[in-house]
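Per-entry structural report
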Amino acid sequence: MDVAIEPSWKSALANEFSSAYFEALSAFVRSAYVHGPVFPPPKLVFNAFNLCPLPEVRVVILGQDPYHGPGQAHGLSFSVPDGVAIPPSLRNIYKEIAADIGTTPPTSGNLERWAKQGVLLLNATLTVLPGQAGSHQKKGWEQFTDAVIKTVSNEREHIVFLLWGNFARSKKELIDTTKHLVLEAAHPSPLSAHNGFLGCKHFSQTNDYLNKHHLKPIDW
């Protein structure tokens, strides 16, 4: 089927888009949008891919579900549009960046600037119903995003995968750790950030690794 997504991803994921499970997933998602609000807006479902083509990926940050509050989700894990209150997990991410590398936290929760530098902000599930976390899980999105992770692992070298929380850490088995760096920590949620996320120094470690391999570091 024809999917409106950035060309490098369209080519790399062609087998997924032509598969039976993706046809069923697409039918489910289309029906959901017809029958009521779904987040993010349809044109932003593949925003992470459109802002960060496969050849430009340097870092992958894996989330689980899009935000399910009005106006929050825009297709990038942990990110919200300009003008939307910064969610608690992202506040802790900013707190860790400030402690790790000494930068002043931004006033916006919009992480498009990361995506445009090669940070793939990937949620495992790409759509959700308002106020219903996990409502579009186990419909096929996880199979698709697992394929995305494996594609990055197989086709690229020296990528940094940031896996925060047990769900994200479960995806380590999809990654070839002989040619990529995998950094793991607790989830940045206020419920768990003090169990190892705060103080993890993942942002300086990411840039140290990129510099070591003569790749441009991320301006966090």
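Report on the accompanying structure. (Residues numbered from 1 in each chain as written. Predicted model: local features only at pLDDT ≥ 70, side-chain atom pairs only at ≥ 80, totals over all residues. Heavy atoms only, no water.)

Counting its regular elements, the chain contains nine helices and four strands. When its helices and strands are written in sequence order, the chain yields α-α-α-α-β-α-α-β-α-β-α-β-α. Computed over the C-alpha atoms, the radius of gyration of the chain is 17 Å, within 12% of the 17 Å expected from 2.2 N^0.38 for a compact globule of 220 residues. Projected onto its principal axes, the C-alpha positions of the chain cover 45 × 35 × 25 Å. Out of the 220 residues in the chain, the part that is buried amounts to 54%. For the chain, the share of sequence-separated contacts (at least 6 apart) that also reach a separation of at least 24 residues comes to 65%. Looking at the chain as shown, the accessible area adds up to about 9900 Å², and 53% of this sits on carbon and sulfur atoms. Mean positive and mean negative side-chain charge positions of the chain (19 and 19 charges, respectively) differ by 3 Å. (Helix = DSSP H or I, 4+ residues; strand = E, 2+ residues; numbered from the N terminus. Rg over C-alpha atoms; globule rule 2.2 N^0.38 Å. Buried < 20%, exposed > 50% of the residue type's maximum accessible area, 1.4 Å probe, protein only. Contact = heavy atoms within 4.5 Å. Areas by Shrake-Rupley, 256 points an atom, 1.4 Å probe, with all protein chains shown as cover. Lys, Arg positive; Asp, Glu negative; His and termini not counted. Charge placed at Lys NZ, Arg CZ, Asp CG, Glu CD.)

For the rest of this paragraph, the subject is the packing of helix α5 (residues 88–101) against helix α9 (residues 202–212). In contact at an axis separation of 8 Å, α5 and α9 are set at 60° when each is read in the N-to-C sense. As judged from the angle between their axes, α5 and α9 are oblique. Residues Ile 93, Glu 96, Ile 97, Asp 100 and Ile 101 of α5 pack against His 202, Phe 203 and Ser 204 of α9. Taken together, the residues of the contact of α5 with α9 sort by class into four nonpolar, two polar and two charged. (Axes fitted to C-alpha atoms, helices over the stretch in contact; angles between N-to-C directions. Parallel < 35°, antiparallel > 145°, perpendicular 65-115°, else oblique. Nonpolar A, V, L, I, M, F, W, Y, C, P; charged D, E, K, R; others polar.)

What follows covers the sheet that holds strand β4 (residues 181–185). Pairing is parallel across the open sheet formed by four strands, whose spatial order is β2-β1-β3-β4. A single partner strand is all that each edge strand has here, and the edge strands are β2 (119–123) and β4. Shown here is a sheet whose adjacent strand axes are inclined to one another by a mean of 20°, direction ignored. (Pairing = 2+ DSSP bridges.)

Now for the nonpolar core. Among the nonpolar cores identified, the biggest contains 64 residues, and Trp 9, Phe 46, Phe 49, Ile 61, Trp 114, Leu 120 and Phe 144 are the most heavily contacted of them. Residues within four places of Trp 9 in sequence aside, it is in contact with Phe 17, Phe 49, Cys 52, Pro 53, Leu 54, Val 57, Leu 120, Val 148 and Val 152. (Core = buried A, V, L, I, M, F, W, Y, C linked by side-chain atoms within 4.5 Å.)

Looking now at the packing of helix α3 (residues 20–35) against helix α7 (residues 141–155). Closest axis-to-axis distance for the α3/α7 pair is 9 Å, and the angle between their directions is 125°. As far as their axial angle goes, α7 and α3 are oblique. For α3 against α7, the interelement crossing comes out left-handed. Facing α3, whose interface residues are Tyr 21, Phe 22, Leu 25 and Val 29, α7 presents Trp 141, Gln 143 and Phe 144. Classifying every residue of the contact of α3 with α7 gives six nonpolar, one polar and no charged. (Left-handed = near helix turned anticlockwise from the far one by under 90°.)

Moving on, we get to the packing of aromatic side chains. Using the criterion set out here, one finds 16 aromatic pairs in the structure. Ring centres of Phe 49 and Phe 144 lie 6.1 Å apart, and the angle between their planes is 55°; on these two criteria the pair is classed as tilted. Separated by 95 residues along the polypeptide, Phe 49 in helix α4 (residues 47–51) and Phe 144 in helix α7 bring together distant segments of the chain. Accessibility assignment for this pair places Phe 49 and Phe 144 in one class, buried. What links up through ring pairs into an aromatic cluster is the set Trp 9, Phe 17, Tyr 21, Phe 22, Phe 46, Phe 49, Trp 141 and Phe 144. (Phe/Tyr/Trp six-rings, centres within 6.5 Å; stacked < 30°, edge-to-face > 60°.)

This next bit is on α9. Those residues of α9 not exposed but buried are His 202, Phe 203, Ser 204, Thr 206, Asn 207, Tyr 209 and Leu 210. Those residues of α9 that are buried are in contact with β1 (59–63), α5, α6 (112–115), β3 (160–164) and β4. Immediately downstream of α9, the backbone of His 214 shows phi near 60°, a positive value.

A separate point is the side chain of Ser 89. Structurally, Ser 89 can be placed in helix α5. A relative accessible area of 12% places Ser 89 in the buried class.

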